[in-house]
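Examining the three-dimensional arrangement
One-letter residues, chain by chain:
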Amino acid sequence: MRLSSRLGRLDRRLFAMVAGARLHGLERFVPTLSRVADNSLLWAGVAGGLAVSGRRPLRRAATRGLLAVSLASPLVNLVGKQAFGRSRPSLDGFPSGRRIKVPVSASFPSGHSASAAAFATAVAMEAPLAVAAPVAVLAAAVCFSRVYTGVHYPGDVLVGAGIGVATGLITRRLWPEAVTGAPRVVTAPPMPDHDLDGQGVVAVINSSAGGDPATAETVRASLPEAEVVETAGRDVAGLMGEAAARARELAVAGGDVTVGRGARAALEHRRPLLIIPSGTSDHFAGALGLRDSQDAMTAYRSGGMVAVDVGEVAGRVFLNNAGLGAYPELVGRRESIERRVGKWPALLWALDRVLRTAEPEEVVIDGVPRRVWALFVGNCRYDSRGAAPRLRRRLEDGLLDIRLLTATSRLPRLRAFSSVLLGGLGLSRHYQQWQADTLRVSSPSGSVRLACDGETFTARGDVEFTKRPRALLVVRPAG
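Residues numbered from 1 in each chain as written. Predicted model: local features only at pLDDT ≥ 70, side-chain atom pairs only at ≥ 80, totals over all residues. Heavy atoms only, no water.

**Regarding helix H9 (residues 236-246)**
Note the following rule: Relative accessibility decides the category of a residue: with a 1.4 Å probe and only protein chains considered, values under 20% of the type maximum give buried, values over 50% give exposed, and everything between is partly exposed. Runs of H or I in DSSP of at least four residues are treated as helices and runs of E of at least two as strands, each being numbered from the N terminus. For this quantity, the arc is that covered by the directions from the helix axis to the C-beta atoms. Here a residue-residue contact requires only that any non-hydrogen atoms of the pair lie within 4.5 Å. Nitrogen and oxygen atoms within 3.5 Å of one another constitute a polar contact, given that in protein one can donate a hydrogen and the other can accept it, and given that sequence-neighbouring residues count only through two side-chain atoms.
Of the residues making up H9, those classed as buried are Val236, Leu239, Met240, Ala243 and Ala244. For H9, the angular spread of buried residues about the axis comes to 130°, placing them on one side. Of the surrounding elements, those touching the buried residues of H9 are strand S2 (201-205), strand S3 (227-230), strand S4 (249-254) and helix H10 (256-269). A distance of 2.9 Å separates the backbone nitrogen of Gly238 from a side-chain oxygen at the start of H9, and that oxygen is part of Asp235.

**Examining the nonpolar core**
For clarity, the threshold we go by: Side-chain atoms within 4.5 Å link the members of a nonpolar core, which is a set of buried Ala, Val, Leu, Ile, Met, Phe, Trp, Tyr and Cys residues.
Formed by 52 residues in total, the largest nonpolar core has its most connected members in Leu250, Leu273 and Leu472. Ignoring anything within four residues of it in the chain, the contact list for Leu250 reads Val202, Val204, Met240, Ala243, Ala244, Gly262, Ala265, Ala266, Pro272, Leu273 and Leu274. The next biggest cluster of nonpolar side chains, apart from the first, holds 30 residues, and it includes Leu50, Ala62, Leu91 and Phe119.

**Things to note about the side chain of Ser222**
Examined against the element boundaries, Ser222 turns out to sit in helix H8 (residues 215-222). A residue is classified by how much of its surface remains accessible, and Ser222, at 18% relative accessible area, is buried. Setting aside its immediate chain neighbours within four residues, Ser222 contacts Leu196, Met297 and Arg301.

**Some thoughts on the pattern of salt bridges**
As a working rule, side chains carrying opposite charge can pair if their charged atoms are close by. Keep this limit in mind: One side-chain nitrogen of Lys or Arg within 4 Å of one carboxyl oxygen of Asp or Glu is enough to make a salt bridge.
On inspection of all chains with the given rule, the structure shows 18 salt bridges. With its nearest N and O atoms 2.7 Å apart, the salt bridge here joins Arg64 to Glu126. Linking Arg64 in helix H4 (residues 56-84) with Glu126 in the loop between helix H5 (111-124) and helix H6 (129-148), this pair joins segments that are 62 residues apart in sequence. An identical accessibility class is assigned to Arg64 and Glu126; each is buried. Among the ionic pairs, Arg261 bridges to Glu455, the shortest N-O distance being 2.5 Å. Taken together, the residues Arg261 in helix H10 and Glu455 in strand S15 (residues 455-460) connect sequence positions 194 residues apart. On the accessibility criterion, Arg261 (29% relative accessible area) is partly exposed.

**Looking at the environment of Asn379**
When you line up the elements, Asn379 lands in strand S10 (residues 368-379). We classify Asn379 as buried; its relative accessible area is 1%. Sequence separation between Asn379 and Lys467 is 88 residues, and the spatial gap between their C-alpha atoms is 7.7 Å. Once residues lying within four places of it in the same chain are set aside, the contact partners of Asn379 are Asp309, Val310, Gly311, Phe318, Leu319, Asn320, Arg392, Leu399 and Lys467.

**As for the packing of helix H3 (residues 41-51) against H6**
The condition is simple: Each axis is a line fitted through C-alpha atoms, and for a helix only the stretch in contact is used; angles between axes span 0 to 180 degrees, taken between their N-to-C directions. Roughly parallel covers angles under 35 degrees, roughly antiparallel covers those over 145, roughly perpendicular covers 65 to 115, and oblique covers all other angles. When residue character is reported, Ala, Val, Leu, Ile, Met, Phe, Trp, Tyr, Cys and Pro are called nonpolar, Asp, Glu, Lys and Arg charged, and the others, Gly included, polar.
At a minimum axis separation of 12 Å, H3 and H6 run at an interaxial angle of 170°. Taken together, the axis directions place H3 and H6 in an arrangement best described as roughly antiparallel. Listed contacts from H6 to Leu42, Trp43, Val46 and Leu50 of H3 are Val131, Val135, Leu138, Ala139 and Val142. Here the contact of H3 with H6 is composed, by residue class, of nine nonpolar, no polar and no charged.

**Describing the pairing of strand S8 (residues 321-325)**
For the record, the criterion: Here, any two strands with at least 2 DSSP bridges between them count as paired.
Of all five residues making up S8, five are buried, and the element is well covered by its neighbours. Here S8 shows no split at all, with Asn321, Gly323 and Gly325 on one side and Ala322 and Leu324 on the other all buried. Direction of pairing for S8 relative to strand S14 (residues 447-452): antiparallel, over a ladder of three bridges. Residue pairing for S14: Ala322 is matched across the bridge by Cys452.

**Description of the packing of aromatic side chains**
Here is the rule we go by: Working definition: rings of Phe, Tyr and Trp (its six-membered ring) pair if their centres are within 6.5 Å, and the pair is stacked with planes under 30 degrees apart, edge-to-face with planes over 60 apart, and tilted otherwise. Note on criteria: charge over ring means Lys NZ or Arg CZ within 6 Å of the ring centre, with the direction from the centre no more than 35 degrees off the ring normal.
Following the criterion strictly, the structure yields four aromatic pairs and no others. Geometrically, the ring pair formed by Phe376 and Tyr382 is edge-to-face, given 5.4 Å between the ring centres and 85° between the ring planes. Residue Tyr382 is classed as buried on the basis of its relative accessible area of 4%. For Arg316, the ring lying beneath its charged end belongs to Phe457, and the centroid distance is 4.1 Å.

Next up, the structure:
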C-alpha cells in the first residue's frame, strides 16, 4: 500500500476519534474559539493587548507575531491550498452542536493552524515565559478546535502548524531579536567624578521616535540631578549639539537615527554617550546589551565605559551601517508614510512600490564602474553572509564590512530584493564581500542617494566611507 494512502487512512481514523470525543463543558467554547480566530482577528486582539502593555519586549512580541501571521497566511491560503486542493472532511454523523460554517477553500493545510503557530512562535522569541506560555496554549487550542469542529483533518492541522512555526522562525531573518549577544568592545577608564544621581548628565529625549512614552519620567526618577530635554518637535540635531556643549555626559533616548545624531554631537564635543533605547529601531543599543530604559539606567549606575568604532560618510556618522541602491529607496518610501500607518504596513507598501519601479544604480566603486542593486557598508564586521546582515561580534575592529550585490540580466529585480531581505540565499557570483578601512563611491549623475542608520539623504560629488576606530565612548554595564 502506498504511503500516502496509509497516511490518509490514519488521518481519517484520527478525525473519527476526535469526532466521537465529548468535552463536557467545552461544547460551546471550542466552536466559539474557532470562529474568533477567523481572519486572524484573535491574534490581532492579542497583539493589541501586548502593544498597549507599555513593556518594550511585549510590544516587540506583538509586532513580530503579526509579521509572522502576515507571512504564514498567504503562504498557506494562496499557495498550499491551491497546490493540494484536498476536500473537507465528511460531516455525516458529526455532532451538530459542534459544527461551524465550513469554509469553501481546500482543507489542506489549515490556515487557522498556520497563523496560530506562527503567532505563538514569534511571541515566544520576544516575550517572557509568563506571556509566551498562555499564548502557546491558546494557539494549540485553536489548532485542536479546527478538528473538533469538523472543518479539518488532523493532518491538515499538523502541516499548517509546521508551516506556522517555520514562518515564525523566518522572522528572525527579517527582524533580528532584541538581544543578540555581547560584541567585543574595548574597556575605557570610568568617568571621573561619576555621580550616581546624574549630576552633569544632559538627556535628550526624542519622544517622536515611536518608543516608550514614559522614558522621560524613568530618566527623571532614576537620575534626579540630570537635565532632561524633550524634543517636542524641535530640531533634534541642534538640541544634541547644545546639550553636548554643556554636558559632562550626553544621554540620548530614541531609535538609531536619534542615537546617530547624538553620537555626532558627542564626538564633536568629546563627551561620553549614554544610549537609552526608546525607538522603533534600536539595533546599536541592542548590540551593547541595552534592551530598555531600565537597562540603560543600570548601565549608568555601574559606571562602565567602553570605546567603540564609528563610521562616517558625507559628514554623517553611522554606528550600524550605511549604503546605497535598493535599501535607501526602500527606507525613503517607508518613512514617507510610516507615521500614518505604522512600521510594518509602511515597509510592505514600500517594498511593493520598489519592486515595481527600482532599477540598478550606475556607480563607480574604488575606481571600478558597477551596476548595483545594493551596496551595504557596515561599521565593523558582520557575521552572516548576505547583502543585509544584522549581527556583529565586535564593535572595535577598525574595519568597514562591505557587501555588494551587482546587477546583471540573470539577477532580476524580484530575486535581488528577496536576497536582500532573506539574507543573501543563492546570490553566487552576483554577490561580493570584503573588508577595508575606506571606500570611495561616485556616480555619473554627480550625486549619490544614501541611507545612514535608517536615515536617507543625497550626497553631492564623490563619497568616501571611512572609519574612526575606538573614537566614541559609550556607557555599558561594567563587566
